[in-house]
Amino acid sequence: MTVPDQTRPPASAWSRVRIAPSLAGLLAVLPAVMAPAAVAQDVMQGAPPDSAAQAMLLPAPFPPPVAAVAPFGAALPPPAVYLARLPAGPAVAVPSADQQDLRPPSIALDGLFAAIGAAHVFDDAKTVADAIPDEAPDALLADYAAQKARPGFVLKDFVAQHFSVAPRRTVSYRRRPNEGVRDYITGMWEVLSRPPDTLVAHSSLLPLPYTYVVPGGRFSEMYYWDSYFTMIGLYEDGRIDLMRSMVRDIASLIDRYGHMPNGNRTYYLSRSEPPFFALMIDLLAMHDGQVAYTTFLPQLQREYDYWMDGAAQTAPGGAYRHVVRLPDGTVMNRHWDDLSTPRDESSPQDIATAAATNRPAAEVYRDLRAGGETGWDFSSRWLADGHTLSTIHTTDLLPIELNCLIAHLEQTLSHAYALSGNTALSARYAHEATARIDAIRRLLWDGKQGAFFDYDWKKGALSPVLSGATVMPLFLQMATPDQAKAVAATLRARLLKIGGLATTDRVSGQQWDAPNGWAPTQWMAIKGLNQYGIDDLAQEIAARWMGRVIGTYEKSGVLLEKYDVVNPVISPTGGKGGGEYPMQVGFGWTNGTLLGLMNRYPQDTRVVLDRNPRADQPAAQPLPPFNAYDVKGPVVDPAPVPQAQVPPAPLRPSSPEVAAPAVSPPAAPAPASGSADAAQPVQGHDGDGQKDGGPGLVHGPGPGGHDQQQGGDPQRVLDQHGPAQ
C-alpha cells in the first residue's frame, strides 16, 4: 500500500511548534519532540587532533547554536518558526539575532505583499522580497488598511513611502585597459564580497558573521551550492581566508536553523539547495588538514539529520519531506519545500503558472519551490511533459546529484567520526553510504543509454531527460569503471557541443536546458572524467568551455552566469538565456571554475588567449579536492593574517582567534594565504551596494575604468572591448 506524502509530524508536536514566537521558542520546544541526543554525546567521545587548530576554524556563536543533534532518522517538526508572529513588545531599531522575524515577507506582510506583486510595482518580484519596511509588519499592515480605503490611494506611492529598496548591486569595477581575464577574476572577489552583516530591523536578510561572496547580479546574498564553485576559485587564487569565512558562515546558518537555507534570506528558510557542505570541508581540508572534518562534524551531522528527517518512520512506498522509502525498503532522497505557496522571489510568475493548469495550486507551488531547491530552476528534468512549467512534478523525482551528495555526506561523516575515535558511528555511516551507492548504480542507471537518469518514484521508472547530472557519480567516484566509460561515450555523442556540454538534450525555453551550458556541470564532468582516466574527453570539454567563456569575455569584458554552447557564433551577452530573469553578470561560479581550469590546462588556455598552436601539452593536474581524507595539515602560512583583522558582526561577542601550530604539510600542494589574502571589502561598500549607507554607486568611474552593473542587460556593461589576456 502506498503511503501518501507526510508533511507534518504528529499533531501534538506541530501544535507546540507552530506558535513559537521566535527561533528561541523553537529551540525551547525541540527537546520535547526530539529523541535523546545520542549523537551529540557521541561527537564528544573522541578528542579532535588539534584543539588550537580547531579553535581557529570554529564558527562564532551567532546566535547560540542548536542545543542537540538528533539521531539518524529521528522525526523532527518542520521549521515552522517562520510562520509565527513576534510577541508584542517595545519597538527596537535593531533587534538581537534571536528576535529576528523569520517569517518570509509573503507571510509577514500578508495581503500587502500579494498586492505589490499583482500590481507589478517592481520589474523583478525579488525586489519587494528584499526591500526593507520602515516599521513592523503589524503596524505597516494597519497603515496599509487605513490608507487604501481613502480616495486617490496609489499603491506605488505607498510602497515608495514605506520601503527602502537597496540598489541592485550596482557597483563599480574599474577594468584597466587590456585587462586579462585572470585579473578580472581576482578583482571581482572584492566586488562580489560582502562584509559581516549587521542585523537590520524588518529585513529579510539572515545576517552572516563573516565576510562572504555573492554570485552577482540580482543575487545579493550567499547561495548554497553556488558557494562551493566560488570557493574553487578562492582556493585557486590563494584566498583561503575568504573561503574559510564562507564555510564558517554556512556552519553558522546550520547551527541557527538546522540546515543551510537556499540562501541567507528568511524566504529561503523553508528549503535548502544541493548539499555541498561536505565537499566544502573537503576543499578546506586541502589547506587546513584533517582538523577541518572534526571541527565541522556537528554541522555535518545536523545537515544529514535535516535531509534524513523522518526516515525511520516512513513506510515502504511513502515519503516524508526529503525522504522517500521505496517499496523494497530502499531509502532515497528528493527535493522538498515546507511551504506550498508562491515563492516570495517569483510570486507573480508562480501564480500565473498555477493558473495555467487544473492541478491544485498548492501542489504546483510546492513543486515550484522544490524546483528552486534543486538549483536547476527550471529544467525539463522536472516537467512531466518536458516543456510546460505547469506540469512540474519535482517532488516525484529522485535526482541523481542529490542522492550522490547525500552518499558523499555519509562517507564524510564516517571519515570524521573515525578521526574522532567513534568507530561505531564511523562504521554505521560507511554502511549507509555503501547501500546508497549501490542503489544509485542499480536504480538510476540505464545500461541501454549509457547514462544515469532521475528516477520517478511514483511511476517506478526513469526520467526520459538526459542531463549533465549524469556526470555526478563520476565526480564523486561512485560509478563503476564500465559505467564511467559508457557515460563518457554518451556525453560525446549527445551533450558535447562547440562551446562545451549542453545542460540537457532538450530545448524547452527553460534556462537549465539546451542550448545553455553552466559552469558547475562543466567542472563536475571534467573532474569526474579525470578521475576515471578519461582525460582526452575531459580536456576537450575544458578547451571548448574555456573557448566559449573567454571568447565571450573578449567581446564583453565580463563573465556571465551561463552561456549558449550550441551556437557557433559567440554572443557578447552569452546567448539566448531563458528562464525567469535576464542574463546575470559577475559571476561567482563561472569565475571560480574558469580559474581552476585555466590553471590545470595552461596550453589550452594559451590557444584560447593567444591564438597560437598548441605545443607540449603538460599532463593535467587533478582538480581539487583530491584524496582530501588523507591530507595532513593544516598548511603553515608564511605570513598569516590574524583573524581579528576581519571585523566581527556587531551582534556577536568577539572571540580571539587561536593560531594553528606548525604541523606537517598536506600530501599535495595547496595555495598558502599570506598578507594578500586578507578579505578587504570594496572601499565604501557597506554590504548593500550603497556607499556608506547612501544610494548610488560604490565608486564613480575613474581614469581607465568604468561602472560595471551586475544584473539586467549585460549589453549595458559592454565597455572597453579589449582582448582577453
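Residues numbered from 1 in each chain as written. Predicted model: local features only at pLDDT ≥ 70, side-chain atom pairs only at ≥ 80, totals over all residues. Heavy atoms only, no water.

Chemist: So what exactly am I meant to see when it comes to the overall build of the chain here?
Modeler: Summing up its helical and strand segments, the chain has 25 helices and 18 strands in all. Buried positions account for 61% of the 725 residues belonging to the chain. A separation threshold of at least 6 residues defines the contact pool for the chain, and within that pool the share at least 24 residues apart is 74%. (Helix = DSSP H or I, 4+ residues; strand = E, 2+ residues; numbered from the N terminus. Buried < 20%, exposed > 50% of the residue type's maximum accessible area, 1.4 Å probe, protein only. Contact = heavy atoms within 4.5 Å.)

Chemist: Explanation requested: the side chain of Ser380 in the structure shown.
Modeler: Relative to the elements of secondary structure, Ser380 occurs in the loop between α17 (361-374) and β9 (397-398). Among the residues examined, Ser380 registers a relative accessible area of 0% and is labelled buried. A polar contact of 2.7 Å, which involves the side chain of Ser380, links it to the side chain of Asp513. (Polar contact = N/O pair within 3.5 Å; in protein donor to acceptor, adjacent residues only side chain to side chain.)

Chemist: It is not clear to me how the sheet that holds strand β7 (residues 323-325) should be interpreted in this structure. Could you clarify?
Modeler: The strands that make up a sheet pair up through hydrogen bonds in the backbone, lying either parallel or antiparallel. Read from one edge to the other, the open sheet built from three strands follows the order β6-β7-β8, with strand pairing classed as antiparallel. Taken across any chain shown, the strands that pair with only one partner, and hence form the sheet edges, are β6 (318-320) and β8 (331-333). This sheet shows a mean twist of 25° between the axes of neighbouring strands, independent of strand direction. (Pairing = 2+ DSSP bridges. Axes fitted to C-alpha atoms, helices over the stretch in contact; angles between N-to-C directions.)

Chemist: Help me understand the pattern of salt bridges in this model?
Modeler: Side-chain pairs of opposite charge can arise where the charged atoms are in close proximity. Tallied over the entire structure, the rule returns 30 salt bridges. For Glu540, the salt bridge goes to Arg492, with nearest N and O atoms at 2.9 Å. Placement of the pair is Glu540 in helix α23 (residues 535-556) and Arg492 in helix α21 (residues 481-495), with a sequence separation of 48 residues. Using a relative accessible area of 39% as the deciding quantity, one classes Arg492 as partly exposed. One salt bridge in this structure joins Glu540 and Arg544, with 2.5 Å as the shortest N-O distance. A residue pair is termed a helical-turn pair when its members lie 3 or 4 positions apart in one helix, as Glu540 and Arg544 do in helix α23 at four residues. With a relative accessible area of 28%, Arg544 lands in the partly exposed category. (Salt bridge = Lys/Arg side-chain N within 4 Å of Asp/Glu carboxyl O.)

Chemist: Any chance you could explain the nonpolar core here in plain terms?
Modeler: Among soluble globular proteins, nonpolar side chains are generally buried collectively. Phe276 and Phe277 are the most contacted members of the largest nonpolar core, which has 168 residues in total. Residues within four places of Phe276 in sequence aside, it is in contact with Tyr224, Trp225, Tyr228, Phe229, Leu405, Met472 and Met524. (Core = buried A, V, L, I, M, F, W, Y, C linked by side-chain atoms within 4.5 Å.)

Chemist: It is not clear to me how helix α12 (residues 240-257) should be interpreted in this structure. Could you clarify?
Modeler: Because each turn of an α-helix spans 3.6 residues, side chains separated by three or four positions in sequence point in the same direction. In a regular helix each residue adds 1.5 Å, so 18 residues correspond to 26 Å; α12 covers 26 Å between its end C-alpha atoms and thus fits that length. Of all 18 residues making up α12, 18 are buried, and the element is well covered by its neighbours. Immediately downstream of α12, the backbone of Gly258 shows phi near 85°, a positive value. (Expected span 1.5 Å × (residues − 1).)

Chemist: Before we go on, may I ask you to explain the packing of aromatic side chains in this structure?
Modeler: Aromatic rings in a pair are described by how distant their centres are and how their planes are angled relative to each other. Tallied over the full model, the rule gives 28 aromatic pairs. Relative to Phe158, the ring of Tyr144 has its centre 5.7 Å away and its plane inclined at 55°; by these criteria the two rings are tilted. Of this pair, Tyr144 sits in helix α8 (residues 137-148) while Phe158 sits in helix α9 (residues 155-162); the two residues are 14 residues apart in sequence, bridging distant segments of the chain. For the pair Tyr144 and Phe158, one class covers both residues: buried. The ring centre of Trp376 lies 4.4 Å from the NZ or CZ of Arg381, which sits over that ring. (Phe/Tyr/Trp six-rings, centres within 6.5 Å; stacked < 30°, edge-to-face > 60°. Lys NZ or Arg CZ within 6 Å of the ring centre and 35° of its normal.)

Chemist: Please explain the packing of α23 against helix α25 (residues 602-610) as it appears in this structure.
Modeler: Any two packed helices are characterised by the angle at which their axes cross and by the distance between the axes. Running from N to C, α23 and α25 point in directions that differ by 30°, and their axes come no closer than 10 Å. Taken together, the axis directions place α23 and α25 in an arrangement best described as roughly parallel. The crossing of α23 and α25 is right-handed. When α23 is examined against α25, the residues Gln539, Ala543, Met546, Gly547 and Ile550 are found in contact with a partner set consisting of Asp604, Thr605, Val608 and Leu609. Residues of the contact of α23 with α25, tallied by class, amount to five nonpolar, three polar and one charged. (Parallel < 35°, antiparallel > 145°, perpendicular 65-115°, else oblique. Left-handed = near helix turned anticlockwise from the far one by under 90°. Nonpolar A, V, L, I, M, F, W, Y, C, P; charged D, E, K, R; others polar.)

Chemist: Can you help me understand unusual backbone geometry in this one?
Modeler: Put simply, Ala514 and Pro515 share a cis peptide bond, and its omega is 10°. Secondary-structure assignment places Pro515 in the loop between β15 (500-501) and β16 (516-518). The omega torsion of the bond from Pro624 to Pro625 falls at -5°, within 30 degrees of zero and hence cis. Structurally, Pro625 can be placed in the loop between α25 and β18 (706-709). In the Ramachandran plot, Asp110 falls in the positive-phi region, its phi being about 45° despite a non-glycine side chain.

Chemist: Can you walk me through the environment of Thr186 in this structure?
Modeler: For Thr186, the position within the fold is in helix α10 (residues 181-192). On a C-alpha basis, the gap between Thr186 and Gly233 in space is 9.0 Å, while along the polypeptide they are 47 residues apart.

Chemist: Help me understand the sheet that holds β9 in this model?
Modeler: Overall, antiparallel pairing links the three strands, which are arranged β9-β12-β13 in an open sheet. Strand pairing shows two members of the sheet lacking a second neighbour, β9 and β13 (461-462), which therefore form its edges.

Chemist: In this structure, what is going on with the side chain of Thr314? I would like to understand it.
Modeler: The topology assignment puts Thr314 in the loop between α15 (297-307) and β6. For Thr314, a relative accessible area of 4% corresponds to the buried category.

Chemist: Please explain the packing of α15 against helix α18 (residues 400-419) as it appears in this structure.
Modeler: Where α15 meets α18, the axes come as close as 10 Å, and the angle between the chain directions of the two elements is 145°. Handedness of the crossing formed by α15 with α18: left-handed. Contact with α15, carried on its side by Leu297, Leu300, Gln301, Glu303, Tyr304 and Trp307, involves Leu402, Ile406, Leu409, Glu410, Thr412, Leu413, Ala416 and Tyr417 of α18 and no other residues of that element.

Chemist: How should the confidence of the model for the chain be read in this particular structure?
Modeler: Regions with low pLDDT should not have their predicted coordinates read in detail. For the chain, the average pLDDT comes to 78, and 70% of its residues sit at 70 or higher. For the stretch residues 60-97, pLDDT sits under 50, and the model shows 127 contacts to residues farther than four places along the chain or on other chains. (pLDDT = per-residue confidence, 0-100.)

Chemist: Would you mind showing me how to read the environment of Thr295 here?
Modeler: Along the chain, Thr295 turns up in helix α14 (residues 291-295). You can call Thr295 buried: its relative accessible area is 2%. With 125 residues separating them in the primary sequence, Thr295 and Ser420 have C-alpha atoms 9.9 Å apart. A polar side-chain atom of Thr295 sits 2.7 Å from the main-chain carbonyl oxygen of Val291.

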